[in-house]
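Okay, here's what each chain looks like letter by letter:
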Amino acid sequence: MVLPLNTIRQQPQRKVCAPIPFASNGPAWQNPSMIETDKTPSAAATDNQRGPRDLREWMDAIEADGSLLRVSAPINVQEELAAATYMVAQEENSPALLFENIENDNSGIRILSNMLGASKRRYALAVGLDPNLATRELILATRERSKRTLAPVEVPANTAPVNEIILTDDEIDLTKLPVPHFWPRDGGKYIGTGDITFTKDPESGRINVGCYRQMLHGPRRVGMYCSPGKHGLLDREAWWRRGEDCEVVVAYGIDPVPFMVAAQSYGSDVSELDIIGGLVGSPMELTEGVATSLPIPARAEIVIEGTVSKGDLEMEGPLGEFTGYYGRPESPQPVIEVKALHMRKQPIMTAALMADYPACEIGTYYAVMRSAAIWDDLERFGIPGVQAVYCHPAAASSWGMTVVSIKQQYAGHIAQTLSAAAQCPAGSYFTKWIIAVDEDVDPTEINQVLWALSTRSNPTDDIDIQNKTWSTGLDPSQFPPENRPYGSKALIDACKPHKHLAEFPVRTMIRRPVHDRVVARWEEMNLPGQPPKLSALDDIEN
């Protein structure tokens, strides 16, 4: 089935795209006007760490950290692989699983599941941050890292690892790959779950990097479902309005950072390629394909090139989704006609299980990145006093709830913060519950949030509703399904009432000098673990 046409003989030679005067008729992704250079050199100068360059380098790092389990026993991709992943991932600190022995497979493909899941450590190792950071500190570090953008680099096609094997046209038969069937009621096998998808804006040439579910229909046919409003869908329709097919590149074996960035929400004029480079700390390596004008990820494991034609539809779905329910019922969706297949030798397919937390692949990493992005948006909006932001991963993989800790400074401050968090670019999609808490409440600790809701919020006074908001076709709470592009949001004030701050009951807190004394004597008293970081202390002197 596989024919090795190119062999890697040396490490790719890096060539930075942005400053090079490419010919005007070259690929749009090589156009310097389409690619931003590092916007904040000072950030790069003070941050010398970088994340892994590709999936294999990252797997070496997590294996050294004790967070990769190699499974050599035979496993069947028909539900069994997903079932094993779901059951292992019920523990929040469960390892990534590399299945090395796929039943009835002759392709040599291995499958990685629970890649990130509920693990903060694997996220930190992916972006080159300290895996021992607490959640709030990890969000702050992610915010700092996100200020930097690095343009992608071009590497020669004959040295790109993804080109160890190239098949075109009728040489391609994706049905011979071990594609998982995750849940018993899924509509079929899904080759695209832990994937990234490239599309291009026909006007600006901006390349979008998205993550869209993709059902396998045949040897060279793959479905491409996009939720309403997503940039991949907008790009696709823009090409169709011009009477042209939409070119698509998809990577099915990819390192965590591109996958993580692809699931985020950015402005329509932003190319995630630059954001990926900034997060990793080194530019993403791209190379030219053989069937489209789009670039392909040079260090990916498995990549397809193809086109999506208007009116070419096949029935798609359902799929067990990040909500913990089957997504929208079977419906006709556009299809990618695959024209080229690129693979590394013994490639690794990244399979992202969609499920309820903590077994969902969109888990803790998404909580950290989305929280950082919302915090950035609030800062750009000029909202003062924000102490922390957290999107809890158990709330439909961080989509469902946003909690903002705020130091109140004026009348209406909380209402302003809640409205901004509800409708900012990073926070507007799907989120139903937006909660404001005071600065003495750590939003990353759900117990503290529940305490604030129970003692500082009066439902008749402190809950506002927004209607007809941006939602998802995957929201199981909306009936009939035609209503699902529209949602609603509850804005909950769980802060002490501003007009009664002076009279509000005083919270019980440990006095600061007593706290410091206990921390200093922690080991002497043989107390368990490490002293916890308390969000509030009493500064009364006597």
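Use the structure listed above.
All values derive from a computational prediction rather than experimental measurement.

For the rest of this paragraph, the subject is the overall build of the chain. Check the secondary structure of the chain and you find 13 helices and 22 strands. The C-alpha radius of gyration of the chain comes to 24 Å, within 12% of the 24 Å expected for a compact globule of 542 residues. If you line up the chain on its principal axes, its C-alpha atoms span 80 × 55 × 50 Å. A total of 542 residues make up the chain; the buried ones form 55% of that total. Restricting the contact set of the chain to residue pairs at least 6 apart, pairs at least 24 apart contribute 73%. On the chain, roughly 22900 Å² of surface is accessible, and the fraction owed to carbon and sulfur atoms is 51%. The positive charge centre, built from 51 side chains, and the negative charge centre, built from 70, are 2 Å apart in the chain.

Mapped onto the elements, histidine 392 comes out in the loop between β18 (386-390) and β19 (401-406). With relative accessibility at 8%, the residue histidine 392 sits in the buried group. In this structure, histidine 392 is in contact with Ser398, Met401, Val403, Pro443, Thr444, Glu445, Ile446 and Val449, ignoring residues within four places of it in sequence.

Below, the discussion takes up the packing of aromatic side chains. Across all of its chains, the model carries eight aromatic pairs by this definition. Both rings, one in tyrosine 365 and one in tyrosine 366, keep their centres 6.0 Å apart while their planes meet at 90 degrees; by these two values the pair is edge-to-face. Note on accessibility: tyrosine 365 and tyrosine 366 belong to one class, buried. Judged by centre distance (4.9 Å) and plane angle (80 degrees), the rings of tryptophan 399 and tyrosine 429 are edge-to-face. Of this pair, tryptophan 399 sits in the loop between β18 and β19 while tyrosine 429 sits in the loop between α10 (413-423) and β20 (433-438), placing them 30 residues apart in sequence.

Strand order in the open sheet made by the four strands is β2-β3-β4-β17, with mixed pairing throughout. Unpaired on one side and paired on the other, β2 (68-71) and β17 (348-350) mark the two borders of the sheet. On average, adjacent strands in this sheet sit at an angle of 25 degrees to one another, irrespective of strand direction. Where β2 lies against strand β3 (residues 96-99), four bridges are found, and the strand directions are parallel. Looking across to β3, one finds that valine 71 is bridged to phenylalanine 99.

Here the focus is helix α4 (residues 120-127). The element α4 is extensively covered by neighbouring structure, given that six of its eight residues are classed as buried. Elements that come into contact with the buried residues of α4 comprise α2 (55-64), β3, α5 (135-146), α7 (256-262), α8 (272-280) and α9 (364-380). For α4, the N-terminal cap is serine 119; the gap from its side-chain oxygen to the backbone nitrogen of arginine 121 is 3.4 Å. Glycine 128, located one to two residues past α4, shows a positive phi value of around 75 degrees.

Grouped together as the largest cluster of nonpolar side chains are 86 residues, with contacts concentrated most on Trp58, Leu112, Phe198, Val257, Met260, Tyr365 and Leu378. With nine residues, the top contributor of residues to this core is α9. For phenylalanine 198, the residues in contact, after removing those within four places along its chain, are Ile207, Asn208, Val209, Glu247, Val248, Val249, Leu273, Met284, Leu286, Leu294, Pro295 and Pro297. Formed by 46 residues, the second largest nonpolar core is a distinct cluster that contains Val71, Phe99, Ile109 and Ala355.

Before going further, it helps to spend a moment on unusual backbone geometry. The step from tyrosine 357 to proline 358 runs through a cis peptide bond, and the omega angle for that step is 5 degrees. Turning to its location among the elements, proline 358 is positioned in the loop between β17 and α9. Residue proline 480 follows phenylalanine 479 across a cis peptide bond; omega there is -5 degrees. Summarising the element assignment, proline 480 is placed in the loop between β21 (463-470) and β22 (486-494).

The rules we used
- Residues numbered from 1 in each chain as written.
- Predicted model: local features only at pLDDT ≥ 70, side-chain atom pairs only at ≥ 80, totals over all residues.
- Heavy atoms only, no water.
- Helix = DSSP H or I, 4+ residues; strand = E, 2+ residues; numbered from the N terminus.
- Rg over C-alpha atoms; globule rule 2.2 N^0.38 Å.
- Buried < 20%, exposed > 50% of the residue type's maximum accessible area, 1.4 Å probe, protein only.
- Contact = heavy atoms within 4.5 Å.
- Areas by Shrake-Rupley, 256 points an atom, 1.4 Å probe, with all protein chains shown as cover.
- Lys, Arg positive; Asp, Glu negative; His and termini not counted.
- Charge placed at Lys NZ, Arg CZ, Asp CG, Glu CD.
- Phe/Tyr/Trp six-rings, centres within 6.5 Å; stacked < 30°, edge-to-face > 60°.
- Pairing = 2+ DSSP bridges.
- Axes fitted to C-alpha atoms, helices over the stretch in contact; angles between N-to-C directions.
- Polar contact = N/O pair within 3.5 Å; in protein donor to acceptor, adjacent residues only side chain to side chain.
- Core = buried A, V, L, I, M, F, W, Y, C linked by side-chain atoms within 4.5 Å.

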